Amino acid sequence: MNKTVLDLWVGLFVIAGIVALLFLALKVGSMSAVKTSSSYEVVARFDNIGGLKPRAPVKSAGVVVGRVADIRFDNETYEAAVTLRLDKRYAFPKDTSAAIMTSGLLGEQYIGLEAGGDPQALKDQDRIFLTQSAVVLENLIGHFIYGKAQEGAPQ
Amino acid sequence: MLKQSIENLGNRTIQGVWRIGFAARFFVAVLLHSGTAFRRFGLTIREMYFTGVLSLIIILVSGLFVGMVLGLQGYETLQTYGSEEALGVLVALSLVRELGPVVAALLFASRAGSAITAEIGLMKATEQLSAMEMMAVDPIARVVAPRFWAGVISMPLLAALFSAMGIFGGYLVGVQLIGVDEGAFWSQMKSAVDFEEDILNGVIKSVVFGIAITTIALFEGYDAPPTAEGVSGATTRTVVTSSLAVLALDFVLTAFMFRGLG
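No experiment lies behind these values; they were computed from the predicted model shown.

Novice: How should I be thinking about the side chain of S55 of chain B in this particular structure?
Specialist: Residues and elements named next belong to chain B. Looking at where S55 falls in the secondary structure, it is placed in the loop between α3 (41–51) and α4 (56–80). Among the residues examined, S55 registers a relative accessible area of 1% and is labelled buried. A distance of 2.4 Å separates the side chain of S55 from the backbone oxygen of T51, its partner in a polar contact. Not counting chain neighbours up to four residues away, the residues in contact with S55 comprise F108, R111, A112 and L158.

Okay, here's the thing in structure tokens:
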């Protein structure tokens with residue numbers, strides 16, 4: 001058995017193992033479908049983002065057009081400032097509205113963009129003014145019960 | 001008749017206790033004589049080639065297929081609840097926490113453990129170990145300890161490769177074949193898998209499994225009756241005992257590690 005060849009194989013094995021560990025540890029952090037160079041960022045403010053997470057998809061008409069880049073809490077307005085990284089290929093009017101939606105009943109949350117009619121397009125670091133918060137199930141049920149109670153109340 | 005069976009039972013119990021005591025003494029002796037395995041690291045590297053590198057094919061291929069099956073089955077179930085995007089979380093957590101260390105250890109036990117037992121058992125049967133003792137070479141330091149450390153080092157690497165391969169398999173089936181959203185697959189996985197809680201605990205598990213398997217395999221080989229029948233019996237016992245030990249240890253370790261999460 002040639003000593004150097006054997007050492008080479010063991011070395012490759014150890015390196016492969018460590019690479020696999022690193023892959024697991026970093027969990028492919030750089031895997032981003034939309035690259036920074038070919039994208040622009042816009043900010044949308046929401047009263048409540050529900051379960052939205054960074055890197056969640058941004059969809060328009062059901063097509064993924066970008067990803068959530070960052071979510072911060074604005075301590076002055078008490079709103080959530082969500083940075084959306086959109087693909088440069090897609091331009092949206094200035095009065096586009098953003099809503100937080102849920103895919104399926106229990107699925108993950110994403111941002112849906114609804115295009116408006118403004119002739120000017122959104123540019124980098126622009127802000128989306130029309131936003132709709134995530135639907136919180138408890139509030140919905142609360143409203144429903146409240147409405148039912150009102151119905152039954154004597155006039 | 002009755003007396004005979006009681007005598008047999010007692011004899012077996014005494015034999016079992018004797019073997020456990022000898023195995024414990026053997027384990028301590030291996031640890032105490034590990035100096036040579038590190039001073040002459042070439043010996044350990046040689047063994048790592050046989051236990052680690054040669055196990056790569058079976059580990060990688062099994063990992064890929066286990067991941068692909070997880071992707072298919074997980075999708076079927078998650079689809080019912082409309083949360084296909086959680087497929088990445090399901091595949092990654094089941095691999096990193098359980099399947100990676102355990103299945104890799106079971107494969108390692110049958111691929112490398114049996115080979116170690118057969119090799120050492122045959123060395124004993126052909127009196128190579130006695131010959132070493134005659135030349136004032138300690139067989140535990142020269143033969144056993146390098147194999148022990150090679151197994152202990154190889155096992156976590158193999159388990160990590162198994163998990164990584166499995167996640168890749170789950171990605172292939174889930175994202176490329178079925179069409180789960182790629183970003184959601186990775187992002188949900190990333191946000192759900194914790195480094196210390198999941199990955200580090202998986203590595204600790206595989207190190208413990210590595211120690212258990214190599215100790216059992218080396219002991220069975222060292223303790224094998226020096227006949228062809230004895231070596232074959234010892235090889236079978238290695239696979240059975242170390243597989244059971246892996247599963248039992250896995251339960252104990254899981255109970256300790258994830259107690260707070262249940």
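Novice: Just to check I follow, could you spell out the packing of aromatic side chains for this structure?
Specialist: Aromatic rings considered in pairs are described by the distance between their centres and by the relative angle of their planes. This structure, assessed with the given rule, holds 14 aromatic pairs over all chains. Between K59 of chain A and the ring centre of Y110 of chain A, over which it is positioned, the NZ or CZ distance is 4.5 Å.

Novice: I would appreciate a short explanation of the pattern of salt bridges in the present structure.
Specialist: Side chains carrying opposite charge are able to pair once their charged atoms draw close together. All names here are of chain B. Summed over the entire model, instances satisfying the criterion amount to 16 salt bridges over all chains. Here R19 and E220 are joined by a salt bridge, their closest N and O atoms 2.9 Å apart. Taken together, the residues span a long stretch of sequence, with R19 in helix α1 (residues 2–32) and E220 in helix α9 (residues 195–223) at a distance of 201 residues. Residue classification places E220 among the buried residues on the basis of a relative accessible area of 4%. Through salt bridges with shared partners, one network takes in R19, E220, D223 and R237.

Novice: Is there a simple way to explain the packing of helix α5 (residues 87–125) of chain B against helix α8 (residues 182–192) of chain B in this structure?
Specialist: Residues and elements named next belong to chain B. Taken N-terminus to C-terminus, the directions of α5 and α8 make an angle of 45°; their axes are 7 Å apart at the nearest point. The pairing of α5 with α8 is recorded here as oblique in orientation. The crossing of α5 and α8 is right-handed. Residues L87, G88, V89, A92 and L93 of α5 pack against F185, Q188, M189 and A192 of α8. Split into classes, the residues belonging to the contact of α5 with α8 amount to seven nonpolar, two polar and no charged.

Novice: Quick question: what am I supposed to make of the pairing of strand β6 (residues 109–114) of chain A here?
Specialist: Regular strands place side chains that alternate from one sheet face to the opposite one. Residues and elements named next belong to chain A. The element β6 is extensively covered by neighbouring structure, given that five of its six residues are classed as buried. Sheet topology places strand β2 (residues 57–60) next to β6; three bridges connect them, and they run parallel. Following the sheet pairing, K59 is matched in β6 by G112. Of the strand pairs in this sheet, strand β5 (residues 97–102) and β6 are connected by six bridges, and their pairing is antiparallel.

Novice: Is there a simple way to think about the interface of chain A and chain B in this case?
Specialist: You'll often see interface size given as the accessible area lost when the parts meet. With 32 residues of chain A at the interface, the matching set in chain B holds 37 residues. When the two sides are added together, the surface that chain A and chain B hide from each other amounts to roughly 2,700 Å², 77% of it contributed by carbon and sulfur. Inspection of the chain A/chain B interface yields one salt bridge. For the salt bridge of R67 of chain A with D181 of chain B, the shortest nitrogen-to-oxygen distance reads 3.6 Å. Looking at the side of chain A that touches chain B, the elements that each hand over two or more residues are α1 (3–26) and β3 (63–74) of chain A. Broken down by element, the residue count for the side of chain A that touches chain B peaks at 16 residues, all from α1 of chain A. Here the residues of the side of chain A that touches chain B sort into 20 nonpolar, five polar and seven charged.

Novice: When you look at the pairing of strand β1 (residues 39–46) of chain A in this model, what are you seeing that I'm missing?
Specialist: All names here are of chain A. Among the eight residues that make up β1, eight are buried, leaving the element largely enclosed by the rest of the structure. Of the two faces of β1, the one holding S39, E41, V43 and R45 and the one holding Y40, V42, A44 and F46 are both buried throughout. Of the pairings in the sheet, the one linking β1 to strand β4 (residues 79–87) comprises eight bridges and is antiparallel in character. Of the residues in β4, the one forming a bridge with F46 is A80. Pairing analysis gives three bridges linking β1 to strand β7 (residues 126–128), with the strands arranged parallel. The residue bridging A44 from the neighbouring strand is I128, located in β7.

Basis of the calculations
Residues numbered from 1 in each chain as written. Chains lettered and ligands numbered in written order. Predicted model: local features only at pLDDT ≥ 70, side-chain atom pairs only at ≥ 80, totals over all residues. Heavy atoms only, no water. Helix = DSSP H or I, 4+ residues; strand = E, 2+ residues; numbered from the N terminus. Buried < 20%, exposed > 50% of the residue type's maximum accessible area, 1.4 Å probe, protein only. Polar contact = N/O pair within 3.5 Å; in protein donor to acceptor, adjacent residues only side chain to side chain. Contact = heavy atoms within 4.5 Å. Phe/Tyr/Trp six-rings, centres within 6.5 Å; stacked < 30°, edge-to-face > 60°. Lys NZ or Arg CZ within 6 Å of the ring centre and 35° of its normal. Salt bridge = Lys/Arg side-chain N within 4 Å of Asp/Glu carboxyl O. Axes fitted to C-alpha atoms, helices over the stretch in contact; angles between N-to-C directions. Parallel < 35°, antiparallel > 145°, perpendicular 65-115°, else oblique. Left-handed = near helix turned anticlockwise from the far one by under 90°. Nonpolar A, V, L, I, M, F, W, Y, C, P; charged D, E, K, R; others polar. Pairing = 2+ DSSP bridges. Buried area = accessible area lost by both parts, 1.4 Å probe.

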